[in-house]
There are 2 protein chains.
Amino acid sequence: MNNYYALVMAGGSGTRFWPLSRKRLPKQFLRLKDGYSSLIQMTHTRLKNTFSPDNIYYVASAEYSKLIKNEIREIDESNIIVEPLPKNTAPAIGLSAAMIHKRDEDAVIAVMPSDHFIQNETLFSEVLKVGYKVAANDNIVTIGITPDRPETGFGYIKKGAELETIDGISVNGVEAFIEKPNRQKAIEYLSTGRYLWNAGIFIFTAKKILSEMGKLMPETLDTIFKVRDLIGKDPKKAEELFSTISSISIDYGIMEKVSGIRVIPADLKWSDVGSWGAIRDILPKDEYGNVNIGENILIDCQDCVIRSEKKTVAAIGMHSVAIIVTDDAVLVTPLEKCQDVKKVVDELDKIGKKGLI
Amino acid sequence: MNNYYALVMAGGSGTRFWPLSRKRLPKQFLRLKDGYSSLIQMTHTRLKNTFSPDNIYYVASAEYSKLIKNEIREIDESNIIVEPLPKNTAPAIGLSAAMIHKRDEDAVIAVMPSDHFIQNETLFSEVLKVGYKVAANDNIVTIGITPDRPETGFGYIKKGAELETIDGISVNGVEAFIEKPNRQKAIEYLSTGRYLWNAGIFIFTAKKILSEMGKLMPETLDTIFKVRDLIGKDPKKAEELFSTISSISIDYGIMEKVSGIRVIPADLKWSDVGSWGAIRDILPKDEYGNVNIGENILIDCQDCVIRSEKKTVAAIGMHSVAIIVTDDAVLVTPLEKCQDVKKVVDELDKIGKKGLI
């Protein structure tokens with residue numbers, strides 16, 4: 001598998017972990033706990049079970065590429081692909097595939113996010129190997145996560161019939177990629193057992209993805225090739241060209257339109273680490289279900305996430321609440337409302353406290 | 001009223017306002033809000049409506065007496081009476097009365113706590129003047145606060161018949177001093193209209209209180225006179241002697257046993273500032289009933305007390321919760337459980353974080 005490459009999407013920004021995550025330090029660079037690795041470091045370590053470091057690529061903005069270099073010391077700078085501008089996943093993946101293809105015409109690429117958590121690493125590694133075999137055969141393959149709850153925050157993949165079994169692992173057809181459902185639909189999806197979570201993990205040959213892109217978004221691909229050859233030579237011109245590309249996701253631009261995609265269903269114990277509530281699911285808890293990061297005192301508290309590594313937090317009688325203390329801010333929110341931190345960030349922006357964003 | 005003296009009890013320590021109050025900085029020295037006066041400063045200012053600064057005395061431990069000097073710059077050091085040891089209120093008042101009596105044999109003294117809040121300052125001043133007239137006539141007088149809720153955290157005074165009216169203000173007999181009641185009793189007390197809160201404010205001549213003390217606790221009074229004459233000359237001996245005195249409150253030691261005490265009922269809009277909940281009652285609130293001290297962002301919050309003057313707190317969906325942030329600690333508690341901060345302090349003591357107490 002010398003021609004097997006990982007492409008880690010590390011361009012994501014977001015504020016769902018405010019006040020811990022900031023514009024300058026998005027989620028993939030967060031340490032859930034001091035002494036822990038950052039999510040991107042965990043991703044890198046996980047990938048080394050399958051890929052040689054030389055074959056692991058990252059794609060991100062110039063700003064984040066410095067953070068990546070900092071987090072993953074062993075990475076060669078040439079393995080960090082810098083998007084000239086953020087244009088969503090399709091252009092980033094297209095550009096990366098074009099660059100990897102230039103190095104290795106027979107490249108098989110596994111694309112995935114940098115900021116997810118996978119507990120079952122052994123299975124992940126096995127599934128990636130099966131994915132390689134299927135993709136090498138000129139297929140686009142995705143890994144579909146076995147759902148364990150009627151989640152409305154993810155897209156779903158409706159799996160088709162089993163097409164083959166490789167090394168004891170099933171490979172199925174894909175009937176459809178489905179947008180985030182409402183609660184009722186999500187319950188239905190869970191009960192049928194035919195729907196999987198779309199975790200944004202795709203495996204394909206560079207040739208295949210470039211060829212599909214050439215069919216579905218020919219102008220974009222054309223620009224991507226030009227940009228690839230300008231990067232390093234005329235970055236200004238590269239950026240100028242890249243700016244003309246439409247922002248579009250790989251799901252919407254390619255995956256939902258290509259037929260014959262395959263899916264490997266896998267119970268990876270995966271989390272998108274999408275909220276403080278998800279953190280509670282991942283990290284070790286005390287006997288009352290509290291995640292307590294720091295030397296905090298909890299009295300009559302249940303199912304909370306408390307994180308404060310300098311100040312001592314004393315929480316009394318709190319249930320399912322997040323209390324997050326950083327050097328300049330404190331967040332207190334019920335876990336079920338933690339997506340409202342977006343409102344906090346909007347408000348900070350409005351009142352001009354941009355240093356806190 | 002040149003012979004009218006205020007005696008402010010400033011020896012109290014406590015942890016009900018942890019993490020804001022500490023052993024070294026108890027409640028009377030707290031600023032509820034930056035830019036606000038401390039409670040003891042507010043007490044001093046309030047008393048200056050009635051007393052000349054030269055006639056305002058403080059009694060406290062040596063440690064706190066330095067803090068008092070710091071808070072109330074205009075006070076002469078000789079007006080701060082240092083208790084050799086904490087022995088509850090009866091010995092502190094006895095010693096103070098003995099000292100003031102030495103200066104002025106005809107002294108009338110109004111004793112009161114240093115850490116309460118009185119909104120109706122004009123009425124307070126008027127009541128103090130009436131109290132002077134009643135006390136000068138060889139009576140012990142107390143001010144009873146008109147209750148507005150069935151509070152179980154205070155002692156009560158059962159008022160007797162109206163004995164006289166001075167300057168339009170009623171003076172009643174006292175039928176009984178009553179310990180903190182249970183909820184049912186408190187509801188009953190409120191409904192009858194015959195019970196008042198005991199706010200610890202007493203007015204008497206120095207002669208009268210010393211004479212009652214002579215009858216009820218003669219050994220203590222004897223020691224107090226000796227200590228008075230030793231202070232400043234032989235502090236070590238004074239402390240040694242004072243250490244032999246029993247700790248006892250003025251209520252239990254004197255007031256509950258003396259007959260003929262009078263009470264002036266007064267609707268002072270008084271608060272003992274006993275908890276974060278009481279703070280909510282006193283300070284200005286936003287339209288949702290939140291007290292927000294600092295530049296904090298509240299989203300869907302109601303009836304909260306948020307205090308953080310350096311870090312920005314973002315609170316989402318919190319109801320009747322206190323969030324208190326200091327330089328080294330954060331407290332999050334429902335207001336109705338805020339008396340449990342005592343448990344936090346106990347826990348901090350147990351795990352050896354004494355710096356936080």
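Predicted model only: the values in this text are computed from it and were never measured.

### Section: the packing of helix H6 (residues 206-216) of chain A against helix H7 (residues 218-230) of chain A
Residue and element names in this part refer to chain A.
Moving on, step 1. Interaxial distance between H6 and H7 falls to 5 Å at its minimum, and their mutual angle equals 130 degrees. With respect to their mutual orientation, H6 and H7 come out oblique. Residue-level contacts link Leu210, Met213 and Gly214 of H6 to Pro218, Thr220 and Leu221 of H7.

### Some remarks on unusual backbone geometry
Only a minority of non-glycine residues have a phi that is not negative, and only a minority of peptide bonds are not trans.
Residue and element names in this part refer to chain A.
Moving on, step 1. Each neighbour pair has its own omega, and for Trp18 with Pro19 the value is 5 degrees, a cis peptide bond.
Moving on, step 2. Relative to the elements of secondary structure, Pro19 occurs in the loop between strand E1 (4-9) and helix H1 (39-47).
Moving on, step 3. The phi torsion at Asn88 lies on the positive side, around 70 degrees, for a residue other than glycine.
Moving on, step 4. If you trace the backbone, Asn88 turns up in the loop between strand E3 (80-82) and helix H3 (89-103).
Moving on, step 5. Even without glycine at this site, Asp167 takes up a positive phi of about 50 degrees.
Moving on, step 6. Locating Asp167 in the fold gives a position in the loop between strand E7 (156-166) and strand E8 (169-178).

### Digging into the interface of chain B and chain A
Moving on, step 1. On the chain A side, the residues contacting the 28 residues of chain B number 28 residues.
Moving on, step 2. Of all the elements in the fold, those that place two or more residues in the side of chain B that touches chain A are strand E13 (297-299), strand E15 (312-316), strand E16 (321-325), strand E17 (329-334) and helix H11 (341-350) of chain B.
Moving on, step 3. Residues that form the side of chain B that touches chain A fall into these classes: 17 nonpolar, 4 polar and 7 charged.

### Topic: the domain arrangement of chain A
Residues and elements named next belong to chain A.
Moving on, step 1. What the domain assignment reports for chain A is domain 1 (4-271) and domain 2 (276-356).
Moving on, step 2. For domain 1 and domain 2, the distance between their C-alpha centroids amounts to 30 Å.
Moving on, step 3. Partitioned by chemical class, the residues of the side of domain 1 that touches domain 2 number 5 nonpolar, 2 polar and 3 charged.

### Some points on helix H4 (residues 121-136) of chain B
Moving on, step 1. Taking 1.5 Å per residue as the helical rise, H4 of chain B with its 16 residues ought to reach 22 Å, and the 22 Å between its terminal C-alpha atoms agrees with that figure.
Moving on, step 2. Where H4 of chain B terminates, the next one or two residues include Asp138 of chain B, which has phi positive at roughly 70 degrees.

### A word on the pairing of strand E7 (residues 156-166) of chain B
All names here are of chain B.
Moving on, step 1. Where E7 lies against strand E8 (residues 169-178), 8 bridges are found, and the strand directions are antiparallel. Note on E8: the bridge partner recorded for Ile157 is Phe177.
Moving on, step 2. What sits between E7 and E8 in their antiparallel hairpin is a turn of 2 residues, with Asp167 showing a positive phi close to 50 degrees.
Moving on, step 3. With 3 bridges connecting them, E7 and strand E9 (residues 195-205) associate as antiparallel partners. Pairing of Tyr156 across the sheet is with Trp197, part of E9.

### Describing the relation of the copies chain B and chain A
Moving on, step 1. By a simple turn and slide, chain B fits onto chain A: the slide is 0.1 Å along the axis, the RMSD is 0.0 Å, and the turn is 180 degrees. In the structure described here, the two chain copies are related by an operation that fits a two-fold rotation axis.
Moving on, step 2. Mapped onto chain A, 100% of the interface residues of chain B again fall at the interface, so both copies present the same surface.

### Some details on the environment of Lys48 of chain A
Moving on, step 1. With respect to the secondary-structure elements, Lys48 of chain A resides in the loop between H1 and strand E2 (56-60).
Moving on, step 2. Separated by 183 residues in the primary sequence, Lys48 of chain A and Ile231 of chain A place their C-alpha atoms 28 Å from one another.

### Remarks on the pairing of strand E4 (residues 108-113) of chain A
Residues and elements named next belong to chain A.
Moving on, step 1. Taking burial as the measure, the 6 residues of E4 include 6 buried ones, the bulk of the element.
Moving on, step 2. As paired strands, E1 and E4 are joined by 6 bridges and run parallel to one another. Across the sheet, Met9 pairs through a bridge with Pro113, a residue of E4.

Analysis parameters
- Residue indices begin from 1 for each chain and proceed along its sequence in written order.
- Starting at A for chains and at 1 for ligands, labels are handed out in the order in which the entities are written.
- With pLDDT at 70 or above as the cut-off, local features in this predicted model cover only qualifying residues; side-chain atom pairs require 80 or more to be listed or tallied, and sums for whole chains, interfaces and linings still use all residues.
- For every element, the axis is a line fit to its C-alpha atoms; helices are fit only across the contacting stretch, and the angle between N-to-C directions ranges from 0 to 180 degrees.
- Helix and strand definitions follow DSSP, with helices as H or I runs of at least four residues and strands as E runs of at least two, each counted in order from the N terminus.
- Should an angle fall under 35 degrees it is taken as roughly parallel, and over 145 as roughly antiparallel, whereas 65 to 115 is taken as roughly perpendicular and any remaining angle as oblique.
- In this description, any two residues whose backbone-derived C-beta atoms lie within 7 Å of each other are considered to be in contact.
- In this count, Pro and Cys sit with the nonpolar residues alongside Ala, Val, Leu, Ile, Met, Phe, Trp and Tyr, while Asp, Glu, Lys and Arg are called charged and the others, Gly among them, polar.
- As used throughout, domain bounds are those supplied by an automatic or database domain assignment.
- In this scheme, a helix's expected span is set at 1.5 Å multiplied by one less than its residue total.
- Note on pairing: two strands pair once DSSP finds at least 2 bridges between them.
- When the copies are superposed, the least-squares fit takes in the C-alpha atoms of residues with a pLDDT of at least 70 in both.
- Burial is judged by counting the other C-beta atoms within 10 Å of a residue's own C-beta: 20 or more makes it buried, 12 or fewer makes it exposed, and any count in between marks it as partly exposed, with every C-beta position built from the backbone.

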